[in-house]
Amino acid sequence: MQDGNALAVSADEKTTASREKGLNRVLEILDFLHTTQRAIGIGDLAKGVNAPRSTTYTLVRSLVDAGLLEMAGDGNRVYFGKKLYLYGMDYVRGNDLLRRGRQEVDHLSRETGETSELCMLQSGRYTIVHSSPGTRPFRISSATGLQIPLPWTASGRLLLAGLERAEVEAMVSDDDLVLPDGRKLELDDFITDIAKAGVTGYCVTSGLVDAYTKCLAAPVFSAPGKVEATMCLVVPIDTSEERTSSLIGLLRDRAGRLSIGG
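Just so we're clear, the structure is a prediction, and the values are computed from it rather than from any experiment.

### With respect to the overall build of the protein
If you tally the helices and strands in the protein, you get nine helices and nine strands. When the 262 residues of the protein are sorted by exposure, 40% land in the buried category. In the protein, once contacts between residues fewer than 6 apart in sequence are set aside, the share between residues at least 24 apart is 52%. Surface accessibility of the protein: about 14700 Å² in total, with carbon and sulfur atoms responsible for 52%.

### Here's the deal with the sheet that holds strand β4 (residues 115-122)
Paired through their backbone hydrogen bonds, the strands of a sheet run either parallel or antiparallel. The six strands are arranged β6-β5-β4-β9-β8-β7 in an open sheet whose pairing can be described as antiparallel. In this open sheet, the two strands that pair with only one neighbour each are β6 (147-148) and β7 (203-206). Examined bridge by bridge, β4 and strand β9 (residues 226-236) share five bridges and lie antiparallel to one another. In the strand pairing of β9, C119 is matched with T230. Across the sheet, helix α5 (residues 96-112) lies against β4, β5 (125-132), β8 (213-223) and β9, angled at about 150 degrees from β4, the strand it touches most. Along the sheet, helix α9 (residues 241-258) contacts β4, β7, β8 and β9; its crossing angle with β8, the most-contacted strand, is approximately 25 degrees.

### Quick word on the side chain of S109
Examined against the element boundaries, S109 turns out to sit in helix α5. Classification of S109 as buried rests on a relative accessible area of 2%. Beyond its immediate sequence surroundings of up to four residues, S109 is in contact with E114, S116, S132, P133 and G134.

### A closer look at the pairing of strand β2 (residues 69-72)
Pairing of β2 with strand β3 (residues 77-80), which is carried by four bridges, proceeds in the antiparallel orientation. Within β3, the position partnered with M71 by the bridge is V78.

### Regarding unusual backbone geometry
Although it is not a glycine, Q37 adopts a positive phi angle of roughly 65 degrees. Summarising the element assignment, Q37 is placed in the loop between α1 (4-36) and β1 (40-41). Since its relative accessible area comes to 46%, Q37 is described here as partly exposed. With phi around 55 degrees, N50 is a residue other than glycine that occupies positive phi space.

### Some remarks on the pattern of salt bridges
For the coordinates displayed, the defined rule picks out 16 salt bridges. Linking E104 and R257 is a salt bridge whose minimum nitrogen-to-oxygen distance equals 3.6 Å. Taken as a pair, E104 in helix α5 and R257 in helix α9 lie far apart in primary sequence, 153 residues in all. The partly exposed category is assigned to R257, whose relative accessible area is 41%. Residue D253 pairs with R254 through a salt bridge whose shortest N-O separation is 2.5 Å. For D253, a relative accessible area of 37% translates into the label partly exposed. Using a relative accessible area of 6% as the deciding quantity, one classes R254 as buried.

### Some words on the pairing of β5
The buried fraction of β5 amounts to six of the eight residues, a majority that puts the element mostly inside the structure. Judged from the seven bridges that link them, β4 and β5 form a sheet pairing that is antiparallel. Pairing of S116 across the sheet is with S132, part of β5. The hairpin formed by β4 and β5 contains two residues between the paired strands, and S123 there has a positive phi angle of roughly 55 degrees. Of the strand pairs in this sheet, β5 and β6 are connected by two bridges, and their pairing is antiparallel. In the strand pairing of β6, Y126 is matched with I148.

Parameters and conventions
Residues numbered from 1 in each chain as written. Predicted model: local features only at pLDDT ≥ 70, side-chain atom pairs only at ≥ 80, totals over all residues. Heavy atoms only, no water. Helix = DSSP H or I, 4+ residues; strand = E, 2+ residues; numbered from the N terminus. Buried < 20%, exposed > 50% of the residue type's maximum accessible area, 1.4 Å probe, protein only. Contact = heavy atoms within 4.5 Å. Areas by Shrake-Rupley, 256 points an atom, 1.4 Å probe, with all protein chains shown as cover. Pairing = 2+ DSSP bridges. Axes fitted to C-alpha atoms, helices over the stretch in contact; angles between N-to-C directions. Salt bridge = Lys/Arg side-chain N within 4 Å of Asp/Glu carboxyl O.

Here you go:
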């Protein structure tokens with residue numbers, strides 16, 4: 001027969017487990033909304049996070065009351081709330097690299113007329129943390145918050161520079177190696193590209209995400225040999241070699257300014 005202390009410990013453990021499960025559900029909801037990039041109905045949200053509708057509704061109501069989520073449209077859909085935006089701005093103000101990186105990206109875009117980005121790793125994905133559109137008459141697809149498989153990008157090859165093969169394999173799935181047009185990259189080729197990017201100090205990829213653009217990227221270091229972020233330019237695929245070389249030089253200079261000791 002259990003004594004009172006054992007029963008109390010058991011109850012505490014159940015309470016802790018319940019809270020952890022609830023927190024995990026909240027994180028799943030936020031991640032799903034981020035991935036979806038649009039307001040969504042509670043039913044579809046519950047399916048998306050594989051949770052009971054009643055549980056999802058309760059959590060959403062709590063998040064709405066806290067200002068982290070807001071009801072949208074006819075009131076049957078939900079999306080991020082203003083408080084999350086304010087928290088995000090606090091993060092920008094408190095993160096020196098991001099604050100200065102945004103300024104460098106905006107300046108580079110104005111200087112070159114090309115779409116410029118600051119990119120980092122987030123949950124094993126290449127993530128655009130800031131983007132500034134170029135001045136060309138046609139717009140190159142680029143959006144802050146967009147996450148793309150690492151093998152599709154020049155930045156991905158730099159962000160993984162210095163990692164062991166096993167670490168790369170743990171971060172890259174078979175699906176990540178399949179490009180939007182159906183072509184499949186070989187993992188060995190991708191790992192070779194990573195090593196080459198680490199040696200040259202920049203990377204250029206052409207026609208991976210789409211058939212019309214190429215990406216130029218240079219590393220931003222937080223410590224010797226540790227790539228914290230990248231600065232990149234997304235340009236038309238027919239950009240001349242001379243122009244490409246000039247842009248790479250600019251990228252490396254601007255990324256160097258952001259690097260520790262730069």
